[in-house]
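What follows is the residue order along each chain.
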Amino acid sequence: MSERLPIAVLVSGTGTNLQALLNTVHGREAEVVAVASSVAGAPALARAQERGVPTGVFPRSAYADRSQRDGALADWVSERGARLVVLAGYMELLGASFLDRFPAAVINVHPSLLPAFPGLHAVEQALSYGVKVFGVTVHFVDAGVDSGAIILQRAVELPGARDPGEVLTALRPLEHSLLPQAVALFAAGTLAPDPDNPRRIAVSTDETIRVGER
Ligand code: GRF
């Protein structure tokens, strides 16, 4: 097998998506070399520590401004050798002082079918709009809010949904499947912008590739 892709995971909360990565691609297609949180005491940090992954905490309040925080975060992540940065429930925007350090190598998981319902409270936005089909998107991160090129998406029909918790429960397994798949595809070097439309990410292997749990 080829060399494992070193990845950093950025979190702010519970970390179920981080756990999915630790349970699937970690030690196989990828190696989680760093987990950074914007929130001290986030449960996600304990998940990393349990697997011996180095953790760091970078709260916005500890820095003069967002750009300085982003710079410190980028330094820490790159010192650990990460070549892909995965936002897994990271509840902050990343500016140029971070993104310019990892060109085309930052991805995010979002609980809607983008471009519908970007930003915070995506599921509440979708419920309030009255949609019947919900879903999950994994996309590259650019300077906008959930506006980067789409890597993978999956939908689920929930025509009678009324409660955000019920929708999130339905979306979680989709997130936990798609995010590791996207990491595996990136690690395999199979994600490439379509020359005719760089917004379209061509996936040169079967998108339904299964990444197994251990
Ligand atoms: C997920 O719903 C993800 O789509 C969103 O934040 C949530 C993170 O959940 N960006 P977890 O911390 O991975 O459990």
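The structure under discussion appears in the preceding block.
The paragraphs below set out a description of the structure included in this document.

Let us now look at the overall build of the protein. Along the protein, the regular secondary structure elements total six helices and nine strands. Rg of the C-alpha trace for the protein: 17 Å, near the compact-globule value of 17 Å for 214 residues, within the 12% margin. Taken along the three principal axes of its C-alpha coordinates, the protein extends 45 × 40 × 40 Å. The proportion of buried residues among the 214 residues of the protein is 46%. Look at the contacts in the protein between residues 6 or more apart in sequence, and 64% of them connect residues 24 or more apart. Accessible area of the protein: about 10,100 Å², with a carbon and sulfur share of 53%.

Further remarks concern the packing of helix 5 (residues 122-129) against helix 6 (residues 164-187). When two helices pack together, their arrangement is given by the angle between the helix axes and by the axis-to-axis distance. Running from amino to carboxyl end, helix 5 crosses helix 6 at an angle of 120°, the nearest separation of the two axes being 10 Å. In terms of crossing hand, the pair formed by helix 5 and helix 6 is right-handed. Where helix 5 approaches helix 6, its residues Val123, Glu124 and Leu127 are matched on the opposing element by Pro164, Val167, Leu168 and Leu171. Of the residues belonging to the contact of helix 5 with helix 6, the class tally is six nonpolar, no polar and one charged.

Moving on to helix 1 (residues 16-23). Within helix 1, six of the eight residues are buried, leaving the element largely enclosed by the surrounding structure. What helix 1 keeps buried is the set Thr16, Asn17, Leu18, Ala20, Leu21 and Leu22. Residues of helix 1 that are buried in the fold lie against strand 1 (5-11), strand 2 (30-37), helix 2 (43-50), strand 4 (84-87), strand 5 (106-110) and helix 6.

Counted under the stated rule, the structure contains seven salt bridges. A salt bridge links Asp70 to Arg69; its shortest N-O distance comes to 2.9 Å. Judged on exposure class, the residue Asp70 and its partner Arg69 are both buried. Residue Arg69 is classed as buried on the basis of its relative accessible area of 0%. Through salt bridges with shared partners, one network takes in Arg66, Arg69, Asp70 and Glu92.

Bringing the site of the ligand into the picture now. All residues in the neighbourhood of the ligand are listed as Thr14, Gly15, Thr16, Asn17, Gly89, Val109, His110, Pro111, Arg172 and Glu175. Backbone polar atom of Val109 to a nitrogen atom of the ligand: 3.1 Å apart, as the coordinates give it. Elements that contribute at least two residues to the shell around the ligand include exactly helix 1, strand 5 and helix 6. In the shell around the ligand, the residues fall into two nonpolar, six polar and two charged.

With 69 residues, the main nonpolar core has Val9, Leu10, Phe98 and Ile107 as its most contacted residues. Take this core: its biggest share by element is 10 residues, from helix 6. For Phe98, the residues in contact, after removing those within four places along its chain, are Leu10, Asp70, Leu73, Ala74, Val85 and Val106.

Looking at where Arg199 falls in the secondary structure, it is placed in strand 9 (residues 197-203). For Arg199, a relative accessible area of 45% corresponds to the partly exposed category. For the pair formed by Arg199 and Pro159, sequence separation is 40 residues and the distance between their alpha carbons is 30 Å. Beyond its immediate stretch of four places on either side in the chain, Arg199 contacts Ser147, Gly148, Ala149 and Ile150. In this structure the side chain of Arg199 is engaged in a polar contact, spanning 2.7 Å, whose partner is the backbone oxygen of Ser147.

Calculation rules
- Residues numbered from 1 in each chain as written.
- Predicted model: local features only at pLDDT ≥ 70, side-chain atom pairs only at ≥ 80, totals over all residues.
- Heavy atoms only, no water.
- Helix = DSSP H or I, 4+ residues; strand = E, 2+ residues; numbered from the N terminus.
- Rg over C-alpha atoms; globule rule 2.2 N^0.38 Å.
- Buried < 20%, exposed > 50% of the residue type's maximum accessible area, 1.4 Å probe, protein only.
- Contact = heavy atoms within 4.5 Å.
- Areas by Shrake-Rupley, 256 points an atom, 1.4 Å probe, with all protein chains shown as cover.
- Axes fitted to C-alpha atoms, helices over the stretch in contact; angles between N-to-C directions.
- Left-handed = near helix turned anticlockwise from the far one by under 90°.
- Nonpolar A, V, L, I, M, F, W, Y, C, P; charged D, E, K, R; others polar.
- Salt bridge = Lys/Arg side-chain N within 4 Å of Asp/Glu carboxyl O.
- Near = heavy atom within 4 Å.
- Polar contact = N/O pair within 3.5 Å; in protein donor to acceptor, adjacent residues only side chain to side chain.
- Core = buried A, V, L, I, M, F, W, Y, C linked by side-chain atoms within 4.5 Å.

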